[in-house]
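Single-letter residue listing:
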Amino acid sequence: MTDTAGNFPRITFVGFGEAAHAIASGWQAAPARGVRAYDLKLQDTEAAEQVKTRCEAAGVEPVAHLEAALDGTGLIFSLVTADQALEAARAAVPYLTPGAYWLDCNSCAPQTKQKAAALIEEAGGRYVDVAVMAPVYPKRHQVPLLLAGPHAGAVVGLLDQLDMRPRLTGEKVGDASSVKMLRSVIIKGLEALTTECLLAARRAGVEDAVLASLQASDPGIDWRARGSYNLERMIVHGARRAAEVEEVCVTLREFGLPDWMSSGTVRWQRIISDLRLDPGDDDLAQRCDAVLRTL
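Residues numbered from 1 in each chain as written. Predicted model: local features only at pLDDT ≥ 70, side-chain atom pairs only at ≥ 80, totals over all residues. Heavy atoms only, no water.

Engineer: Could you give an account of the nonpolar core, naming the residues involved and the relevant values?
Structural biologist: Formed by 37 residues in total, the largest nonpolar core has its most connected members in Phe13, Phe16, Leu75, Phe77 and Leu103. Elements supplying a minimum of two residues to this core: β1 (11-14), α1 (18-25), α2 (45-58), β4 (75-78), β5 (101-104), β6 (126-132), β7 (144-148) and α6 (152-161). Those residues in contact with Phe77 that lie beyond four places of it in its chain are Ile11, Thr12, Phe13, Val14, Trp27, Leu103, Cys105, Leu159, Leu162 and Met164. Core analysis: the next-biggest nonpolar cluster, separate from the first, contains 18 residues, Ala69, Ala89, Ala116 and Tyr127 among them. (Core = buried A, V, L, I, M, F, W, Y, C linked by side-chain atoms within 4.5 Å. Buried < 20%, exposed > 50% of the residue type's maximum accessible area, 1.4 Å probe, protein only. Helix = DSSP H or I, 4+ residues; strand = E, 2+ residues; numbered from the N terminus. Contact = heavy atoms within 4.5 Å.)

Printed below as a string of structure tokens:
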């Protein structure tokens, strides 16, 4: 499970989208060598080019087949979409090196991660629940991470050597993801809430008055800037956010609570994403108008 120098586990990414690229590209001075990446898109002629370009930019070897990608790997970062996290673990089970760490960095319900953990552990792997607690840009590999589960403490030293920013948050698989999911009720929900408010205010022609009232009520937030940023996040990343908040809804229901607010967040995130707009300049009015023209 070690690299050619024999002193650090071989690393493989399962899923090589924006987050994986951001992390790998930050490892220039870290002991990460011979890093591989597997992504389903590598089996699609057209989609594969984007993944290969990302890999080349990050100094990572693209591998089109999961068995080859995981061969001899000791440290695996799973960074797929939230709805594919459990399936990624299931697909990897036949090819895991005994004792390999499976770092599930996906934004999933704790119950989903517990199911994935059962699969990985039964196959002889060591599962770690990881929550990525901030946007991967500009921090890249230094984005703050919460780790939980019985193997979390053992993997912290490896992540420290990679100049990453791990922090232990619980002994049970699901503790880190619970923090992430419940935080997302607010973070992703506020994006949807401000969008709903400010689109209606723009259409009514009263957005300046609404923003002034919000600013007076909560002067600690620049509401115009926050509204513009929130809308940009939904335009660019709404599909991924919708998938994450669907996992939030699962989390809430499993805890015996209604998911009324988060269900609405899913709908707004997906609707804005499906418009396929260019976010344009950092201007709230322009972004609102672009949405209102196509909504």
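The structure having been displayed, the exposition proceeds.
Engineer: So what's going on with the pairing of β1? Which residues, and what values?
Structural biologist: Side-chain alternation along β1 places Ile11 and Phe13 on one buried face and Thr12 and Val14 on a second face that is also buried. Pairing geometry for β1 and β4, over four bridges, is parallel. Residue pairing for β4: Phe13 is matched across the bridge by Phe77. (Pairing = 2+ DSSP bridges.)

Engineer: Let's hear about the sheet that holds β7: which residues, and what values?
Structural biologist: Spatially, β3-β2-β1-β4-β5-β6-β7-β8 is the arrangement adopted by the eight strands of the open sheet, whose pairing is mixed. With one partner strand each, in any of the chains shown, β3 (61-62) and β8 (165-170) form the two edges of the open sheet. Alignment of β4 against β5, held across four bridges, turns out to be parallel. Each bridged residue has a counterpart across the sheet, and for Ile76 the counterpart in β5 is Trp102. Contacts from helix α5 (residues 110-122) reach β5 and β6, with the element oriented near 150° to β6. (Axes fitted to C-alpha atoms, helices over the stretch in contact; angles between N-to-C directions.)

Engineer: Account for the side chain of Asp129, with residues named and values stated.
Structural biologist: Within the secondary structure, Asp129 sits in strand β6. For Asp129, the side chain forms a polar contact with the side chain of Lys113, separated by 3.0 Å. There is a polar contact of 2.8 Å between the side chain of Asp129 and the backbone nitrogen of Gly174. If sequence neighbours within four positions are ignored, Asp129 has contacts with Asp104, Lys113, Leu146, Leu147, Ala148, Val173, Gly174, Asp175, Ala176 and Ser177. (Polar contact = N/O pair within 3.5 Å; in protein donor to acceptor, adjacent residues only side chain to side chain.)

Engineer: Give me the environment of Tyr95: which residues, what numbers.
Structural biologist: As for its position among the elements, Tyr95 is in the loop between α4 (85-92) and β5. Sequence separation between Tyr95 and Glu67 is 28 residues, and the spatial gap between their C-alpha atoms is 5.4 Å. For Tyr95, the contacting residues outside a window of four places in its chain are Leu66, Glu67 and Leu70.

Engineer: Would you mind going over the pairing of β8 in detail, with residue names and values included?
Structural biologist: Relative to β8, β7 runs parallel, the two being bridged by five bridges. Counterpart to Ala148 in the pairing with β8 is Gly170. Viewed along the sheet, the connection from β7 through α6 into β8 turns out right-handed. (Right-handed = clockwise from strand over helix to strand, strands pointing away.)

Engineer: Report on the packing of aromatic side chains, specifying residues and quantitative values.
Structural biologist: A complete count under the given rule lists four aromatic pairs for this structure. Here a set of aromatic residues connected by ring pairs shows up, and it is made of Phe13, Phe16, Trp27 and Phe77. One residue, Arg126, lies across the ring of Tyr101, its end atom 4.0 Å from the ring centre. (Phe/Tyr/Trp six-rings, centres within 6.5 Å; stacked < 30°, edge-to-face > 60°. Lys NZ or Arg CZ within 6 Å of the ring centre and 35° of its normal.)

Engineer: With reference to specific residues and values, describe the pattern of salt bridges.
Structural biologist: Within this structure, the stated rule accounts for 14 salt bridges. Residue Asp129 is joined to Lys113 by a salt bridge in which the shortest nitrogen-to-oxygen separation is 3.0 Å. Of the two residues, Asp129 is situated in strand β6 and Lys113 in helix α5; the sequence distance between them amounts to 16 residues. The burial state of Asp129 is the same as that of Lys113; both residues are buried. Here Asp208 and Arg224 are joined by a salt bridge, their closest N and O atoms 3.0 Å apart. You can see Asp208 sitting in helix α8 (residues 207-217) and its partner Arg224 sitting in helix α9 (residues 223-254), a full 16 residues away along the chain. On the accessibility criterion, Arg224 (40% relative accessible area) is partly exposed. Several salt bridges converge on common partners, so that one network encompasses Arg202, Glu207 and Asp289. (Salt bridge = Lys/Arg side-chain N within 4 Å of Asp/Glu carboxyl O.)

Engineer: Explain a nonpolar patch on the surface residue by residue, including any values.
Structural biologist: Taken together, the side chains of Leu182, Phe255 and Leu257 present a nonpolar region at the surface, about 270 Å² in accessible area. Tracing the sequence through the fold places Leu257 in the loop between α9 and α10 (260-274). The exposure class assigned to Leu257 is partly exposed, which follows from its relative accessible area of 45%. (Patch = residues over 30% accessible without salt bridge, like charges linked within 9 Å, V, L, I, M, F, W, Y side chains within 5 Å. Areas by Shrake-Rupley, 256 points an atom, 1.4 Å probe, with all protein chains shown as cover.)

Engineer: I'd like to hear about the domain arrangement of the protein chain, residue by residue, with values.
Structural biologist: Each assigned domain of the protein chain is listed with its residue range as follows: domain 1 (11-173) and domain 2 (178-294). Computed over C-alpha atoms, the centres of domain 1 and domain 2 are 28 Å apart. Between domain 1 and domain 2, the contact holds 14 residues from the first and 15 residues from the second. Each partner contributes to the roughly 1200 Å² buried at the junction of domain 1 and domain 2, and carbon and sulfur atoms together form 59% of this total. For domain 1, the biggest contributors to the area lost against domain 2 are Ser107, Gln111 and Met133; these three give 37% of the whole. The tally of links between domain 1 and domain 2 comes to one salt bridge. (Domains from an automatic or database assignment. Buried area = accessible area lost by both parts, 1.4 Å probe.)

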